[in-house]
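# Summary of structural features
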Amino acid sequence: MRASAQSHFCTYLYYIIADFKRDFKMRMRKKKHSAERIEACAELLLKNPIECFGKEEEIFGKKCPMLLEIGCGKGDFAVGMAQKHPDCNFIAMEKVPDVCCIALEKAMACKETRPDNLRFIIGDADNLEEWFPEHCLDVLYLNFSDPWPKSGHAKRRLTYRGF
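The shown structure was predicted, so the numbers you read here are calculated from the model rather than taken from an experiment. (Residues numbered from 1 in each chain as written. Predicted model: local features only at pLDDT ≥ 70, side-chain atom pairs only at ≥ 80, totals over all residues. Heavy atoms only, no water.)

### Focus on the overall build of the protein
- Check the secondary structure of the protein and you find seven helices and four strands.
- Put simply, the protein runs from its N terminus to its C terminus through helices and strands in the order α-α-α-α-β-α-β-α-β-α-β.
- Counting every position in the protein, which comprises 163 residues, the buried fraction comes to 33%.
- Pairs at least 24 residues apart make up 72% of the contacts formed inside the protein by residues separated by at least 6 positions.
- Carbon and sulfur atoms provide 55% of the accessible area of the protein, an area that totals close to 11200 Å². (Helix = DSSP H or I, 4+ residues; strand = E, 2+ residues; numbered from the N terminus. Buried < 20%, exposed > 50% of the residue type's maximum accessible area, 1.4 Å probe, protein only. Contact = heavy atoms within 4.5 Å. Areas by Shrake-Rupley, 256 points an atom, 1.4 Å probe, with all protein chains shown as cover.)

Written as structure tokens, this is what we have:
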């Protein structure tokens, strides 16, 4: 390939990659019938978290250490940890209902092999202080929650000192 042809090819490739990056969004597409799908998994969903705490034995069937994952995404970590640690109660929290729908369905799919120690909350982490009284959680997992990557968004991050 001649130098000028190679230069044109590199420029063309650059524009394809730039186009892809501009069009690529990390947002998940809206799931069809997500409300019905979430309702089908209602046994794993804590619809009103404020009323649930202090009732661990009623919800989980046993009183064990309570673990919370903020930003559970599609539920791989929460479902895996619930299976590995049947002696703990897990709550997985996700603010995007369509993403939580996938996590709920994943947990329901392995219902036979997973102990009944996992529940989900669809909500924003801004409400944590309202939903969880002090010292009620033993472990908090913050794996891949919403990153807010720009420096101007630092105040919105869960790891920000004011949060």
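Structure shown, so let's carry the discussion forward.
### Some points on helix α6 (residues 97-109)
- Its 13 residues place the ends of α6 18 Å apart at the C-alpha level, agreeing with the 18 Å of an ideal helix rising 1.5 Å per residue.
- Along α6, the positions that sit buried rather than exposed are Asp98, Val99, Cys100, Cys101, Ile102, Ala103, Leu104 and Ala107.
- Buried residues in α6 make contact with α2 (34-40), α5 (76-84), β2 (89-94) and β3 (118-122). (Expected span 1.5 Å × (residues − 1).)

### Some points on the packing of aromatic side chains
- Summed over the entire model, instances satisfying the criterion amount to one aromatic pair.
- Ring centres of Phe77 and Tyr141 lie 4.9 Å apart, and the angle between their planes is 65°; this geometry places the pair in the edge-to-face category. Note that Phe77 is positioned in helix α5 and Tyr141 in strand β4 (residues 139-141), a separation of 64 residues in sequence. (Phe/Tyr/Trp six-rings, centres within 6.5 Å; stacked < 30°, edge-to-face > 60°.)

### Quick notes on the nonpolar core
- Membership of the largest hydrophobic core comes to 21 residues, with the highest contact counts inside it found for Phe90, Ala92, Leu104, Ala107, Leu118 and Phe120.
- Elements with a minimum of two residues in this core: α5, β2, α6 and β3.
- Here this core takes five residues from α6, the largest share from any one element.
- In this structure Ala92 touches Glu69, Cys72, Ala78, Leu118, Arg119, Phe120 and Ile121, once residues within four positions along its chain are discounted.
- Listed in part, the 16 residues of the second largest apolar core include Phe53, Ile59, Phe60 and Ile121. (Core = buried A, V, L, I, M, F, W, Y, C linked by side-chain atoms within 4.5 Å.)

### Comments concerning the pairing of β2
- β2 sits mainly inside the fold: six of its six residues count as buried.
- Alternating residues of β2 divide into Asn89, Ile91 and Met93 and Phe90, Ala92 and Glu94, and every residue in both groups is buried.
- Across five bridges, the pairing between strand β1 (residues 66-70) and β2 is parallel. Within the sheet, the bridge partner assigned to Leu67 lies in β2 and is Phe90.
- Regarding topology, α5 serves as the crossover connection from β1 to the parallel β2, and that connection is right-handed.
- Both β2 and β3 contribute to a ladder of five bridges, which runs parallel. (Pairing = 2+ DSSP bridges. Right-handed = clockwise from strand over helix to strand, strands pointing away.)

### Points about the side chain of Glu69
- Take Glu69: it is sitting in strand β1.
- Although Glu69 lies buried, it forms no salt bridge, and the closest oppositely charged side chain, Lys106, sits 11 Å away as judged by the N-O distance. (Lys, Arg positive; Asp, Glu negative; His and termini not counted. Salt bridge = Lys/Arg side-chain N within 4 Å of Asp/Glu carboxyl O.)

### With respect to the pattern of salt bridges
- Inspection of every chain in the model, using the stated rule, returns five salt bridges.
- The partner of Asp116 in a salt bridge is Arg119, with the nearest N and O atoms 3.0 Å apart.

### Section: the environment of Phe120
- On the secondary structure map, Phe120 appears in strand β3.
- Discounting residues that sit within four places of it in the chain, Phe120 has contacts with Leu44, Leu45, Leu46, Cys72, Ala92, Cys100, Ala103, Leu104 and Ala107.

Structural measurements only, silent on function.
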